[in-house]
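A closer look at the structure
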Amino acid sequence: NYRKGLVVILLSILCILSLISLVTANNYSAELSFITSETVYGLGDRIEIKGSLFLSNYSSGTLVTNHTAVANASLNLSIINKSNNAKINSFILNTSSDGTFRSRSDFYPTNVLVSAPSSPGEYYLRLNYTDPNNDTWWAQNEILISSTTVDLLEVRTDKISYKQSE
């Protein structure tokens with residue numbers, strides 16, 4: 001009887017501990033953002049991306065960690081055709097210790113090379129991150145791929161300065 005009582009007590013404690021872990025489940029909120037160096041690219045041009053990933057963690061409605069950089073996370077970058085939602089290409093970008101990530105550029109020549117599609121059109125750059133609860137967070141930018149090369153694009157205003165009412 002003593003052993004049966006001890007087993008019942010141990011099982012009860014295990015059940016309580018498992019319920020506590022369910023009640024105190026973590027909920028995450030990710031801040032994923034990125035920019036591109038341009039919005040119009042030529043066929044096959046190098047697309048330079050810079051971004052950051054931060055995570056906040058809530059447990060039972062209480063903030064545990066706020067806006068913490070996510071180090072060494074793998075992010076999936078997809079290039080998607082805007083007209084038919086076809087995925088053209090995928091790349092894996094990794095965050096650094098401060099939560100930032102970059103594709104290849106003149107300053108980061110060993111990073112992942114992201115190349116523009118070989119067909120002109122409008123495309124989405126969609127970046128996905130999966131948090132520790134397997135929830136997916138994403139950010140998206142739109143780019144235009146042109147088969148016409150542009151050496152210089154100038155925008156001029158009529159005047160040097162404007163008043164607020166103009």
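Computed from a prediction, not measured in an experiment: that's the story for all the values here.

With that out of the way, let us pick up the overall build of the protein. On a plain count of helices and strands, the protein comes out with one helix and nine strands. Taking all 166 residues of the protein together, the buried fraction comes to 27%. A separation threshold of at least 6 residues defines the contact pool for the protein, and within that pool the share at least 24 residues apart is 58%. Taken as a whole, the protein presents about 11500 Å² of accessible surface, with 54% of it coming from carbon and sulfur.

Residue position: Thr 100 is located in strand S7 (residues 100–102). Of the residues examined, Thr 100 reaches a relative accessible area of 18% and is grouped as buried. One polar contact links Thr 100 to Asp 98, side chain to side chain, over a distance of 2.7 Å. Beyond its immediate sequence surroundings of up to four residues, Thr 100 is in contact with Gly 51, Ser 52, Asn 94 and Thr 95.

Let's shift gears to the environment of Ile 47. With respect to the helices, strands and loops of the structure, Ile 47 is situated in the loop between strand S2 (40–42) and strand S3 (49–59). Relative accessible area serves as the criterion here: at 0%, Ile 47 is assigned to the buried category. Along the sequence, Ile 47 and Thr 36 sit eleven residues apart, while their C-alpha atoms lie 7.0 Å from each other. Residues within four places of Ile 47 in sequence aside, it is in contact with Thr 36, Tyr 41, Ile 79, Ser 103, Arg 104, Val 114, Ser 115, Ala 116, Leu 125 and Ile 143.

Looking now at the environment of Asn 57. Along the chain, Asn 57 turns up in strand S3. By relative accessible area, which is 10% here, Asn 57 ends up buried. Distance from Asn 57 to Asn 26, taken between C-alpha atoms, is 6.4 Å for residues 31 residues apart in sequence. Discounting chain neighbours no more than four positions away, the residues touching Asn 57 are Asn 26, Asn 27, Tyr 28, Thr 62, Leu 63, Val 64 and Thr 65.

Take unusual backbone geometry next. Unusually for a residue other than glycine, His 67 sits at a positive phi of about 50°. Along the chain, the position of His 67 falls in strand S4 (residues 62–69). Not every positive phi belongs to a glycine, and Asn 72 is a case in point at roughly 60°.

Moving on, we come to the side chain of Ser 105. Position of Ser 105 among the secondary structure elements: in the loop between S7 and strand S8 (121–130). Excluding anything up to four places from it in sequence, Ser 105 contacts Arg 46 and Glu 48.

What counts as what
Sequence order as written defines residue numbering, which begins from 1 separately in each chain. A pLDDT threshold of at least 70 governs which residues receive local features in this predicted model, and a stricter bar of 80 or more applies before side-chain atom pairs are shown or counted, although totals over entire chains, interfaces and linings include all residues. Excluding hydrogens and water, the side-chain figures rest on all heavy atoms present in the structure. A run of DSSP states H or I qualifies as a helix once it reaches four residues; a run of E qualifies as a strand once it reaches two. Both are numbered from the N-terminal end. Burial status follows relative accessibility: with a 1.4 Å probe on protein chains alone, a residue under 20% of its type maximum counts as buried, one over 50% as exposed, and anything between as partly exposed. When checking whether two residues touch, look at their non-hydrogen atoms; a contact exists if any pair is within 4.5 Å. The accessible surface values rely on the Shrake-Rupley method and a 1.4 Å probe; as for residues, cover is taken only from the protein chains in view. Polar contact criterion, stated in full: a pair of N or O atoms within 3.5 Å, where within protein one must be able to donate a hydrogen and the other to accept it, and residues adjacent in sequence count only if both atoms are side-chain atoms.

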